[in-house]
Amino acid sequence: MTRTPLELFDIDSLLSEEEIAMRDTVRSFVDARLRPGLADWYEEASIPARELTRELGGLGVLGMHLEGYGCAGTSATAYGLACLELEAADSGLRSLVSVQGSLAMYAIHRWGSEEHKDAWLPRMAAGEAIGCFGLTEPDFGSNPAGMRTRAVRDGDAWVLTGTKMWITNGSVADVAVVWAQTDDGIRGFVVPTDSAGFAAPEIKRKMSLRASVTSELVLDGVRLPASAAFPEVRGLRGPLSCLSEARFGIVFGALGAARDCLETAIAYAREREIFDQPLAAYQLTQAKLADMSLELGKGMLLALHLGRLKDAGRLEPDQVSLGKLNNVREAIAIARECRTILGAAGITLEYPIMRHANNLESVLTYEGTSEVHQLVIGRALTGESAFR
Ligand SMILES: Cc1cc2nc3c(=O)[nH]c(=O)nc-3n(C[C@H](O)[C@H](O)[C@H](O)COP(=O)(O)OP(=O)(O)OC[C@H]3O[C@@H](n4cnc5c(N)ncnc54)[C@H](O)[C@@H]3O)c2cc1C
């Protein structure tokens with residue numbers, strides 16, 4: 001009898017029946033609906049985003065951890081498990097769901113007016129409207145405080161001017177949450193993407209997250225009503241609160257990509273005969289598989305610990321950094337090691353491993369780079385901020 005890495009850790013004994021049922025529902029959707037299309041979507045760098053978003057809305061995963069407005073109101077841990085299953089398909093599809101639920105919807109849910117919430121959240125939860133989140137700019141990624149996008153008052157209106165870069169879902173979005181400098185500090189704006197002066201050209205020739213739409217947002221004097229601004233929040237506290245939500249999903253999600261690589265490599269090693277023996281029978285292969293399984297299981301225990309802290313209302317952003325740094329770093333190491341087990345076959349789209357490895361390069365960078373998370377942890381340990 002063989003066991004998968006996570007069965008060996010008996011991870012299911014740490015989950016409730018509802019969590020297992022929800023996870024299995026997402027896993028079935030992934031197998032039936034996403035897996036068959038993935039290699040082509042990746043190769044062609046084109047996904048049926050609107051169709052998939054509607055189906056993901058029907059599945060109930062968009063903004064699933066939010067309360068009210070058509071959202072499912074699940075635990076944070078359940079949301080994490082859904083991210084894991086989605087990223088076992090592809091980090092790009094998990095990104096679509098993360099940006100919709102944890103960045104755009106969370107921002108509106110946490111910081112929006114009742115008018116914003118009623119106008120957008122039910123449609124976004126159902127997958128009828130797509131959201132994006134514009135924080136990064138061409139010259140300001142790790143240091144968003146320097147952003148140049150500006151919103152100025154003109155009578156009763158706000159006028160937004162500037163450029164955002166690397167924005168997931170940008171070209172397919174119906175609504176953009178855009179962060180901009182104002183005379184009163186950084187503020188968030190709810191921008192319908194059919195506003196005059198708004199454009200979202202897609203960024204092409206990516207070698208990573210090809211099954212995901214990434215765009216520039218160009219705001220050329222976009223005129224919005226006074227009510228477009230989030231009423232209360234000022235400064236980076238607003239966007240950082242949203243990023244912490246999305247990072248939490250990545251803590252789980254990255255492990256999905258790693259699990260898929262590892263299960264693929266184990267199956268391949270058992271089938272592949274080299275020097276008249278299955279590759280899986282060699283000690284070197286088993287040492288690789290054992291070490292990778294340990295890292296996957298340890299990452300899962302860390303993710304579940306952070307999930308339980310979040311459900312208890314005690315999770316701090318520095319702790320999310322622990323999970324994001326470790327789990328993405330280990331996932332990318334697992335993907336690269338699994339690729340060696342497949343030899344040449346590992347570089348093709350016939351197997352998911354190279355696709356996951358390439359995707360994880362983006363995951364290592366977005367939502368706070370691995371270096372920035374090291375510096376956040378370093379600050380927590382020493383009281384010294386080495387970045388600002
Ligand atoms: C596919 C993809 C999708 C994305 N989606 C979104 C999105 O939806 N919305 C959004 O707003 N943004 C998005 N981003 C942008 C992402 O958040 C940024 O790329 C990220 O914050 C890093 O910024 P940067 O690329 O400008 O790198 P930089 O900030 O220029 O960093 C370059 C290097 O410098 C390092 N560095 C930075 N500061 C320090 C320091 N103090 N000390 C030492 N080293 C340092 C970094 O770790 C990195 O290695 C996305 C990015 C990608 C790749």
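Just so you know, these numbers come straight off a predicted model, no measurement behind them.

In this structure the tally under the stated criterion is 0 disulfides. No disulfide involves Cys242; its sulfur sits 13 Å from that of Cys132, the nearest cysteine. Here Cys261 is not cross-linked by a disulfide; its sulfur's nearest cysteine counterpart is in Cys338, at 5.4 Å.

Further remarks concern the UniProt feature "domain: Acyl-CoA dehydrogenase/oxidase C-terminal" (unreviewed entry) in the protein chain. In this structure's numbering, the residues bearing the UniProt feature "domain: Acyl-CoA dehydrogenase/oxidase C-terminal" (unreviewed entry) are residues 234–381. Along residues 234–381, the helical share is 77% and the strand share 3%, with 28 Å between the first and last C-alpha atoms.

Our next topic: the packing of helix 9 (residues 317–341) against helix 10 (residues 353–365). At a minimum axis separation of 9 Å, helix 9 and helix 10 run at an interaxial angle of 155°. As summarised for this structure, helix 9 and helix 10 are arranged roughly antiparallel, according to the angle between their axes. Crossing handedness for the pair helix 9 and helix 10: left-handed. Where helix 9 abuts helix 10, its residues Lys324, Val328, Arg329, Ala331, Ile332, Ala335, Arg336, Cys338 and Arg339 lie against Ile353, Met354, Ala357, Leu360, Glu361, Val363, Leu364 and Thr365. Here the contact of helix 9 with helix 10 is composed, by residue class, of 11 nonpolar, 1 polar and 5 charged.

Residues in close proximity to the ligand total 17 residues, the closest being Thr136, Ser142, Trp166, Thr369 and Glu371. Measuring from a nitrogen atom of the ligand, one finds a side-chain N or O atom of Thr168 at 2.8 Å. A distance of 2.6 Å separates an oxygen atom of the ligand from a polar side-chain atom of Thr369. Contact with the protein chains removes 66% of the 990 Å² of surface that the ligand exposes when unbound. Elements represented by at least two residues in the shell around the ligand include exactly strand 3 (157–168), helix 10 and helix 11 (370–382). Broken down by element, the residue count for the shell around the ligand peaks at 3 residues, all from strand 3. Classifying every residue of the shell around the ligand by side-chain character gives 8 nonpolar, 7 polar and 2 charged.

What counts, and at which threshold
Residues numbered from 1 in each chain as written. Predicted model: local features only at pLDDT ≥ 70, side-chain atom pairs only at ≥ 80, totals over all residues. Heavy atoms only, no water. Disulfide = S-S within 2.5 Å. UniProt positions renumbered as here; feature names shortened; annotations may be inferred. Helix = DSSP H or I, 4+ residues; strand = E, 2+ residues; numbered from the N terminus. Axes fitted to C-alpha atoms, helices over the stretch in contact; angles between N-to-C directions. Parallel < 35°, antiparallel > 145°, perpendicular 65-115°, else oblique. Left-handed = near helix turned anticlockwise from the far one by under 90°. Contact = heavy atoms within 4.5 Å. Nonpolar A, V, L, I, M, F, W, Y, C, P; charged D, E, K, R; others polar. Near = heavy atom within 4 Å. Polar contact = N/O pair within 3.5 Å; in protein donor to acceptor, adjacent residues only side chain to side chain. Areas by Shrake-Rupley, 256 points an atom, 1.4 Å probe, with all protein chains shown as cover.

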